[in-house]
Amino acid sequence: ITSLNAQDLILTAVYDGPLSGGIPKGVELYVISDITDLSKYALGSANNGGGTDGAEYTLSGSASAGDYLYIASESTQFTSFFGFAPTATSGFMEVNGDDAIELFYDDGTGMVVIDVFGDISVDGTGEAWDYQDGWASRKSFTNKSNNSTWTIGNWNFSGANALDGETTNAAASTPIPIGNYDFSALNTVITGDAGW
């Protein structure tokens, strides 16, 4: 059984940018509850439908509820495009719009998948979730995937090539909706007399 602590982090965006070299590339993560040790979490990319590569990048540090974390392939062009620096960089984020992403959590017995974007066994080229030169963003009020089960209905998509020719996210006609995920409806406790 996966620890409740695994529910503290969620994938909220994946992007493949339009700048030279197809950058910025990366993911956005949303922190649902305070996390004192991010090293229990890791990311991995499943490239070209080749299935899981396991945990490839382990997070570090701590984070507070409501924080967004940005893990990108590099920093310079990410900063130029978004106007702020990424939380961290890793070469594993050299993903293209046909690659799936897995979020892992160390439950004490090893790393287990707790959230996924895309179908790890399918090359995303031409699929509904293809984000080449574009993006995918989790819909507010939707929870993470059921472990390794990809839930396409929980996501919005720009469509391939939506970012072509853009130089900054702020000026883009179809900007990556960063920092917009709202978890509050999933986190509301209903109290009082239900009426029956």
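Scroll up a little and you will see the structure.
Residues numbered from 1 in each chain as written. Predicted model: local features only at pLDDT ≥ 70, side-chain atom pairs only at ≥ 80, totals over all residues. Heavy atoms only, no water.

Examining the overall build of the chain
The helix and strand inventory of the chain stands at one helix and ten strands. Listing every helix and strand of the chain by position from the N terminus yields β-β-β-β-β-α-β-β-β-β-β. For the chain, the accessible area works out to roughly 8700 Å², and carbon and sulfur atoms hold 47% of it. (Helix = DSSP H or I, 4+ residues; strand = E, 2+ residues; numbered from the N terminus. Areas by Shrake-Rupley, 256 points an atom, 1.4 Å probe, with all protein chains shown as cover.)

Comments concerning the pairing of strand β1 (residues 9–19)
Within β1, ten of the eleven residues are buried, which leaves it mostly tucked inside the rest of the structure. Adjacent in sequence and paired antiparallel, β1 and strand β2 (residues 23–31) are bridged by three residues, among which glycine 21 carries a positive phi angle near 90 degrees. Where β1 lies against strand β9 (residues 135–138), three bridges are found, and the strand directions are antiparallel. Bridge pairing in β9 links valine 14 to alanine 136. (Buried < 20%, exposed > 50% of the residue type's maximum accessible area, 1.4 Å probe, protein only. Pairing = 2+ DSSP bridges.)

Some words on the packing of aromatic side chains
In the structure shown here, the tally under the stated rule is 20 aromatic pairs. On the numbers, 5.8 Å between centres and 40 degrees between planes, the contact of phenylalanine 82 with phenylalanine 84 is tilted. Taking the relative accessible area as the measure of exposure, phenylalanine 84 reaches 28% and is therefore partly exposed. With 4.8 Å between their ring centres and 65 degrees between their planes, phenylalanine 117 and tryptophan 155 make a pair best called edge-to-face. Taken together, the residues span a long stretch of sequence, with phenylalanine 117 in strand β8 (residues 111–117) and tryptophan 155 in strand β10 (residues 155–157) at a distance of 38 residues. The exposure class assigned to phenylalanine 117 is buried, which follows from its relative accessible area of 0%. A residue is classified by how much of its surface remains accessible, and tryptophan 155, at 3% relative accessible area, is buried. (Phe/Tyr/Trp six-rings, centres within 6.5 Å; stacked < 30°, edge-to-face > 60°.)

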